[in-house]
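# Notes for the structure review
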Amino acid sequence: MTHWQQVFSVARWEFLRFVKLRQQLISLAVMLGAGLVLGVAGYFIAKARAKPVKVALVAPERFDGAVPAVEGVTWQPAAPDEDALKRQLAAKTLDGYVVVASPDSARIVLREKAKWPTRVRDAFTAARREAAIRQSGITAGQFAALQATMAFETTYTKQKRDTDGADEAVAIGILVLVFAGVMGGAGYLFTGITGEKQLRVTDAILSAISPMAWLDGKILGQLGVAIVGIFNTVMSLGVLAGGAYVLFRDKFGPISIPMPGPAVVVQVLVLVLLGLVLWYALLGAFTSTIDDPNDSMRSTVLLLPMLPMYLAYLIKAKSDTPLAVGLSTFPLTSYAALPVRLATTTPAWWEFPVAVALLLGAIWLARLLGGRLFAAGVQMYGKEPSFREMLAALRTG
């Protein structure tokens with residue numbers, strides 16, 4: 001078998017080891033079922049909320065003006081006394097009642113907390129304001145002029161997206177997906193490599209394939225696992241977000257989902273995939289030096305990929321600083337930092353090609369040196385190589 005035939009054989013085995021078609025279909029069915037349940041629940045909740053409430057109005061003649069119409073509220077004739085109104089509330093024939101005390105004040109009584117009192121207050125306040133305007137002799141145009149704010153036009157000398165906070169949501173979403181891909185793949189690599197070492201199967205495997213083919217296959221297989229994991233994360237978050245919006249859309253109001261352009265999407269995908277390959281090569285090689293994952297302090301190295309994501313989160317508010325540009329081109333951080341900047345600002349034209357070129361160079365170097373370390377570390381049992389032995393392996397190959 002050629003090198004790449006060995007690589008694809010290992011990649012296929014590694015992918016199918018962690019991704020089971022049946023489990024994926026069950027997960028997809030569960031997510032779709034959850035979305036259906038949330039959608040149906042949201043429909044009935046919205047239908048119940050749309051049902052008009054019955055509210056009695058006591059002493060409307062005390063209000064200075066016509067009784068305003070209120071959306072979702074049906075005014076009912078009031079009983080002769082409040083005791084009778086409270087009995088109607090207890091019997092649930094009324095949802096509440098409003099007692100007008102004077103042109104400037106009123107009292108609302110209801111069984112439990114609801115949203116319709118806010119609409120009633122707003123409607124009566126608007127009606128009272130219109131009545132006051134008519135009595136003062138001020139025209140509607142004059143009143144609008146008194147309330148008008150001064151108009152300002154803002155111009156940026158440096159190109160900046162005006163997204164009303166949507167760019168921050170996109171940036172955070174990108175970081176969540178990157179986190180799912182990096183940490184999920186790192187965990188699988190750690191589990192697979194340390195497990196194979198403990199089972200003492202590495203000698204048998206290395207008798208059939210080269211260490212570099214084994215590492216390359218693991219990287220490629222875990223890249224496929226990461227893509228499936230990112231897809232599942234997107235689906236899960238989409239179902240949860242959609243369900244939450246259906247249930248609470250009267251609180252959220254209309255929401256516009258920011259959609260980056262095709263060029264930005266392609267650039268983000270390229271950067272993230274190359275970043276995953278780089279980190280998988282580094283972590284796979286270093287994990288091969290761990291003998292017992294239960295008591296080795298080297299396991300903490302798996303947390304290193306979180307640092308670039310933390311730095312990328314910090315720069316999203318100041319994405320045009322020299323530090324942000326540097327993090328966007330440095331190979332170990334560019335896969336997280338530059339996608340965030342693509343969502344929040346317009347980077348210089350040269351930043352993406354430079355970041356990709358440096359990532360490709362770093363991947364080549366990580367594979368070359370990582371293959372040497374992997375070949376030495378994966379065959380060591382009972383002890384972990386010292387850092388001096390690791391450096392010797394990197395130099396000699």
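In what follows, the structure referred to is the one given above.
### Quick word on the packing of helix α13 (residues 351–377) against helix α14 (residues 387–396)
- Direction vectors running N to C along α13 and α14 enclose 125 degrees, while the axes themselves pass 8 Å from each other. The angle between the axes of α13 and α14 places the two elements in the oblique class. Crossing handedness for the pair α13 and α14: right-handed. When α13 is examined against α14, the residues Leu 369, Arg 372, Leu 373 and Ala 376 are found in contact with a partner set consisting of Met 390, Ala 393, Leu 394 and Arg 395.

### Comments concerning the packing of aromatic side chains
- Per the counting criterion, the structure on display carries four aromatic pairs.
- On the numbers, 5.0 Å between centres and 80 degrees between planes, the contact of Phe 63 with Phe 124 is edge-to-face. With Phe 63 in the loop between β1 (53–58) and β2 (73–76) and Phe 124 in helix α4 (residues 116–136), this residue pair connects regions lying 61 residues apart in the sequence.
- Overall, the relative accessible area of 8% leaves Phe 63 in the buried class.
- Taking the relative accessible area as the measure of exposure, Phe 124 reaches 13% and is therefore buried.
- Seen from their ring centres, Trp 75 and Phe 124 are 6.0 Å apart, and the 85 degrees between their planes marks the pair as edge-to-face. One end of the pair, Trp 75, is in strand β2; the other, Phe 124, is in helix α4, and 49 residues separate them in sequence.

### Remarks on the pattern of salt bridges
- Following the criterion strictly, the structure yields seven salt bridges and no others.
- In this structure, Glu 82 and Arg 107 form a salt bridge, with 2.7 Å as the shortest nitrogen-oxygen distance. Remark: Arg 107 occurs in strand β4 (residues 105–110) and Glu 82 occurs in helix α3 (residues 82–90); sequence separation between them is 25 residues.
- Close ionic contact of Asp 95 with Arg 111 constitutes a salt bridge, the shortest N to O distance being 3.6 Å. Within this pair, whereas Asp 95 is found in the loop between α3 and β3 (96–102), its partner Arg 111 is found in the loop between β4 and α4, the two being separated by 16 residues in sequence.

Rules used throughout
Residues numbered from 1 in each chain as written. Predicted model: local features only at pLDDT ≥ 70, side-chain atom pairs only at ≥ 80, totals over all residues. Heavy atoms only, no water. Axes fitted to C-alpha atoms, helices over the stretch in contact; angles between N-to-C directions. Helix = DSSP H or I, 4+ residues; strand = E, 2+ residues; numbered from the N terminus. Parallel < 35°, antiparallel > 145°, perpendicular 65-115°, else oblique. Left-handed = near helix turned anticlockwise from the far one by under 90°. Contact = heavy atoms within 4.5 Å. Phe/Tyr/Trp six-rings, centres within 6.5 Å; stacked < 30°, edge-to-face > 60°. Buried < 20%, exposed > 50% of the residue type's maximum accessible area, 1.4 Å probe, protein only. Salt bridge = Lys/Arg side-chain N within 4 Å of Asp/Glu carboxyl O.

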